[in-house]
Amino acid sequence: PARLAGLHAALMTPYDAAGEVSEPCLRQLVAAVFNQGLDGLYVGGSTGESLLLTTEERQRVFRVAAEEGKGCGALIGHVGAISTREAQILARSCAALGYDAVSAIPPIYFQHSRAAIRDYYAAIVDAAEGLPLILYNVPAMSGIRFTLAELQDLLGLPGVVGIKQTTNDMYQMEQLHRGFPGLLLLNGFDEMLLAGLVSGANGGIGSTYNVMGQRYRELRRLVLAGDTAGALAVQSRCNAVIDTLLAFGVFPALKYLLFRLGIIRTPLCRAPMESLTGGAIDRLDAIAAELAGE
Ligand code: SI3
């Protein structure tokens, strides 16, 4: 799946002042992401606040992102849900809209058996009408920590072509690289993109790519050219920004940057996601000015 390798922005979901999904801002954001030369979009993931949206809203975000982004790069729709039925509905939408792939977190909260999780992924593949599936391994948020053997079992399902590893376990990243030649292996934590790429990832998906896409492209170019020291210098510039985003809450802080850059109209996140605290503004304004100047 060469088209799915590369750098994809985990798309945010902009709202209007009333807290409804803003279609015009979403369109502007899709255009802004592709203007940075990124390879694709990861639509409706954690960064898209997908678990805080209704099924209809998630479908609407899929549709608008497809209308605006079709032909600009790869479109990966995150369809993970608490029920298999909802995940299947969303997978069918992605298939109908011409997405390139679907992806899903495991089903959370009820502590399902590994066999039930396997059935959930098989059911998504079934509903996705031929679209490839990328597993989304995010133990810190899902609470589900897969061993290598468990991942091997899921990766063996027909239709599963890759995995997005949002973990800081670079040993497991390298094991996946070594054990599964040809696997689509995508790095999840932006602050560790360099570590992920040198451990075998063939691309990445990240929230901060929404605003620092060009830096990550440069980082990957340097890695591919063998210049690890140069890539580390770029990673450090990214991480100086990420340190601040993490200190204030990465999603509200990123939305504030997009707001300051004129791409979205309000920095709101959906409750219970917290909004920004006052002390953040000056530091984020300085970052917005730095990014606007690049
Ligand atoms: O699903 C998604 O929106 C992602 O791709 C998320 C991505 O892996 C982000 N992970 C989480 C848990 O938010 C990262 O981009 C993350 O925000 C960033 O590295 C800061 O920690």
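Note that the structure is a prediction, hence the values are computed from the model and not measured.

Colleague: Could you give an account of the packing of helix H6 (residues 148-155) against helix H7 (residues 170-179), with specific residues and numbers?
Modeller: As a packed pair, H6 and H7 sit with axes 11 Å apart at the nearest point and diverge in direction by 40°. Here H6 is positioned oblique relative to H7, judged by the angle of their axes. The interaxial crossing formed by H6 with H7 has right-handed handedness. Only Gln172, Gln175 and Leu176 of H7 make contact with H6, whose side of the interface consists of Leu148, Leu151 and Leu155. Residue composition of the contact of H6 with H7, grouped by class: four nonpolar, two polar and no charged.

Colleague: Before we move on, can you summarise the sheet that holds strand E3 (residues 74-78) with the specific residues and values?
Modeller: In any sheet, the strands associate via hydrogen bonds between backbone groups, in a parallel or an antiparallel arrangement. Taken together, eight strands build a closed barrel; the order of strands is E1-E2-E3-E4-E5-E6-E7-E8 and the barrel is parallel. The mean inter-strand angle of the sheet, taken between neighbouring strand axes irrespective of direction, is 25°. In this sheet, strand E7 (residues 184-187) lies alongside strand E6 (residues 160-165) in parallel orientation, the contact comprising four bridges. The partner of glycine 162 across the bridge, within E7, is leucine 184. Strands in contact with helix H4 (residues 114-127) are strand E4 (101-104), strand E5 (133-137) and E6; relative to E5, the strand with the most contacts, it is inclined by about 145°. H7 rests against E5, E6 and E7 of the sheet, and its axis sits at about 160° to E7.

Criteria and thresholds
Per chain, residues are indexed from 1 in the order of the written sequence. Only residues with pLDDT of 70 or above have their local features reported here, since the model is predicted, and side-chain atom pairs are shown and tallied only from 80 upward, although totals for entire chains, interfaces and linings are computed over all residues. Hydrogen atoms and water are omitted, and side-chain values are computed over all heavy atoms in the structure. Whenever a helix is involved, its axis is fitted only over the stretch in contact; in every case the axis is a line through C-alpha atoms, and angles between N-to-C directions fall within 0 to 180 degrees. Secondary structure elements are defined from DSSP: runs of H or I of at least 4 residues count as helices, runs of E of at least 2 residues count as strands, and each element is numbered from the N terminus. Angles are sorted into four bins: roughly parallel if under 35 degrees, roughly antiparallel if over 145, roughly perpendicular if 65 to 115, and oblique for all others. By the definition used in this description, the sense in which the near helix is turned from the far one sets the handedness, with an anticlockwise turn below a right angle giving left-handed and a clockwise turn giving right-handed. Contacts: residue pairs with any heavy atoms within 4.5 Å of one another. Following the grouping adopted for this structure description, the nonpolar residues are Ala, Val, Leu, Ile, Met, Phe, Trp, Tyr, Cys and Pro, the charged ones are Asp, Glu, Lys and Arg, and the polar ones are all others, Gly among them. By the convention used here, strands pair only if DSSP detects at least 2 bridges between them.

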